[in-house]
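Structural description and commentary
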Amino acid sequence: MSQIIRIGTRDSELALWQANTVKNKLEALGYQTTLVPVKSTGDLVLNKPLYEMGITGIFTKTLDVAMLSGDIDIAVHSMKDVPTALPKGIVQAAVLERANYLDILAFKDNEEFLSSREAIIATGSLRRKAQWLNRYPTHTVVDLRGNVNSRMQKLHENDWNGAIFAAAGLDRIGLEHEHTIGLTWMLPAPAQGAIMVVALEKDAFVRQACAELNHEPTEICTQLEREFLRLLEGGCSAPIGALAYINTKKEEVTFKGVLLSIDGTKKLDAELTAPFGEHQNLGRDCANSILSRGGKNLVGETHRDSQSIEIFSTKKLTQDQRSRFKDDLQVDSEDFIKTSPTRIPTKVLTAKMQNVVFTSKNAVEALLTNVSASQLQFKNIYCVGRRTKRLIEARIGKVQHFERNARKLAEYLVDYLEGTEVTYFCSNLRMDDLPTILTSSGITVNEIEAYKTKHTPVKVPPNVKGVLFFSPSTVNSYLQLNRTDIIAYCIGESTAKVAREHFSEVFVAKIPDMESVIDLVNANYGV
């Protein structure tokens, strides 16, 4: 045993823990070893979700190259990260006994948000996102990347309700969180919780050494799960979960598998049990069952979703709005901001107000969650936007004057306002134009925060060329996760002003409504 076995590993804390586990086990058997840390593409590129990098094996490719180049003898991986087809010349040498395979939710303070309509959950996994949205369709899922420690730190730093982690990852590095829930209803990634060792096919000495580490029950279960994954052609780019387990008392093997759409609205699952010794086809049979019930179309949709989307809206589109786009345009949408009304004392709202300003429908709707329209004593109402005007006149009363944007309204008020004071119902993230112009002209602005705006950014697919923006807040939310080499289609001049600070190509709709922005895309995209 004079040969020193060079163990290649990523240099994250979790990867090093796994590599040291293999190192200690080999040395306990009398082998000499040394660690060779190698940084992977998956660790270096932290601004993109895994499924958008365009390749499978993002965490294993660098080590594969190092092994085939003769720089290392074995590589240690989280088995769920390993592609189902290994590179030519590299083989599975051992699978260590599986740890906890569950996903867990780490959350802040309490778990009341689980029964709430709105909540924000963080994960970089399509599988976790799809299963969460299938169970909690009104929640928002945001992207979360980085190693385990940095992801936990981001949970503490951001206004999220919780984040999803692999239980095994937290256990292995001793990272504890005060509040956690085991997601027993969520199927894990195929082979989650298992560690795989790979070696060169031609290296008989190393393969024999690693074979002594192999845990056969784990090998059996993970092989079934990876066969299921292979047949569904998922890799990292489709929401696929699988779990096989052995019931030693009944001497049988059970397999569960699931395939979902990215947004969680579609779900196909299967479960089969077979006596031990007749279990070899369980993964294949579950995969074929799902494929025969629409799985082929669902996988195709998933690939098309991530590959062919050209236009993305930062506000969720209705079916009618989707159909308004030109037939050849592939379009997707998500809400990049969420709003919630602020509780305002009734005494404040029922007081007499001579001049009232609204710059959005959100402010009007939020106001009316606090009091009825009959209680309001507004003399002159001013607003931004034709639709805001319609809503006010339908729910509250006549609008004295409206303009297309806040700056124009402010300029009008400077010239024609009755008195020297206005009450401005706004968001916590309002723009400065209106209050700045009015204040500089000697008009007192009494701001009342009618609603709160939260950024809920989404990572758009890699082929998106144009994005629709409907407020300055949607621009700022988009910028948190996405690139700026796109065309910005804006609902109005206030939104366009912010967009021009970041995007080189900005178009503004003639009328500030959704339909006009869509028409703007139809007229300009690809021309």
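No experiment lies behind these values; they were computed from the predicted model shown. (Residues numbered from 1 in each chain as written. Predicted model: local features only at pLDDT ≥ 70, side-chain atom pairs only at ≥ 80, totals over all residues. Heavy atoms only, no water.)

1. Considering the pattern of salt bridges
Between side chains of opposite charge, pairing is possible as soon as their charged atoms come close. Counting across every chain of the model gives 22 salt bridges. In this structure, the salt-bridge partner of Glu-27 is Lys-23, at a minimum N-O distance of 2.8 Å. Of this pair, Glu-27 and Lys-23 both sit in helix α1 (residues 13–28), four residues apart, which is roughly one turn of that helix. On the basis of relative accessibility, which here comes to 16%, the residue Lys-23 falls in the buried class. A salt bridge links Glu-493 to Arg-500; the shortest N-O distance between them is 2.5 Å. (Salt bridge = Lys/Arg side-chain N within 4 Å of Asp/Glu carboxyl O. Helix = DSSP H or I, 4+ residues; strand = E, 2+ residues; numbered from the N terminus. Buried < 20%, exposed > 50% of the residue type's maximum accessible area, 1.4 Å probe, protein only.)

2. Points about the packing of aromatic side chains
Taken as a whole and judged by the stated rule, the model has 17 aromatic pairs. Ring geometry for Phe-228 against Phe-255: centres 5.2 Å apart, planes inclined by 55°, an arrangement best described as tilted. Of this pair, Phe-228 sits in helix α8 (residues 216–232) while Phe-255 is found in strand β12 (residues 252–260), placing the two residues 27 residues apart along the sequence. One exposure class covers both Phe-228 and Phe-255, and it is buried. On the basis of an interplanar angle of 45° and a centroid distance of 6.0 Å, the ring pair of Phe-378 and Phe-425 is categorised as tilted. (Phe/Tyr/Trp six-rings, centres within 6.5 Å; stacked < 30°, edge-to-face > 60°.)

3. Observations regarding helix α4 (residues 126–135)
Helical periodicity: at 3.6 residues per turn, an α-helix aligns residues three or four positions apart in one direction. Burial of α4 is extensive: eight of the 10 residues sit out of reach of the surface. The set of residues buried in α4 consists of Leu-126, Arg-127, Arg-128, Lys-129, Ala-130, Gln-131, Trp-132 and Leu-133. Where the residues of α4 are buried, they touch β5 (103–107), β6 (120–122), β7 (140–142), β8 (162–166), β11 (240–247) and β12. Capping the start of α4, Ser-125 holds a side-chain oxygen 3.2 Å from the backbone nitrogen of Arg-127, two or three residues further along. (Contact = heavy atoms within 4.5 Å. Polar contact = N/O pair within 3.5 Å; in protein donor to acceptor, adjacent residues only side chain to side chain.)

4. Quick notes on the confidence of the model for the protein
Model confidence for the protein is summarised by a mean pLDDT of 89, while 94% of its residues fall at 70 or above. Per-residue pLDDT stays below 50 along residues 42–56; that stretch engages in 35 contacts with residues further than four places along the chain or on separate chains. (pLDDT = per-residue confidence, 0-100.)

5. A short note on the sheet that holds strand β9 (residues 180–182)
Think of a sheet as strands paired side by side through backbone hydrogen bonds, with each pair either parallel or antiparallel. The strand order across the open sheet built from five strands is β7-β6-β8-β5-β9, with neighbouring strands paired in mixed fashion. The open sheet has two free edges, formed respectively by β7 and β9, since each of these has just one partner strand. Put simply, the sheet's adjacent strands are angled 30° from each other on average, direction ignored. Strand direction decides the pairing type here: β5 and β9, joined by three bridges, are antiparallel. Bridge pairing in β9 places Leu-105 opposite Ile-181. Across the sheet, α4 lies against β5, β6, β7 and β8, angled at about 130° from β8, the strand it touches most. Across the sheet, helix α5 (residues 148–157) is in contact with β5 and β8; its angle to β8 comes to roughly 165°. (Pairing = 2+ DSSP bridges. Axes fitted to C-alpha atoms, helices over the stretch in contact; angles between N-to-C directions.)

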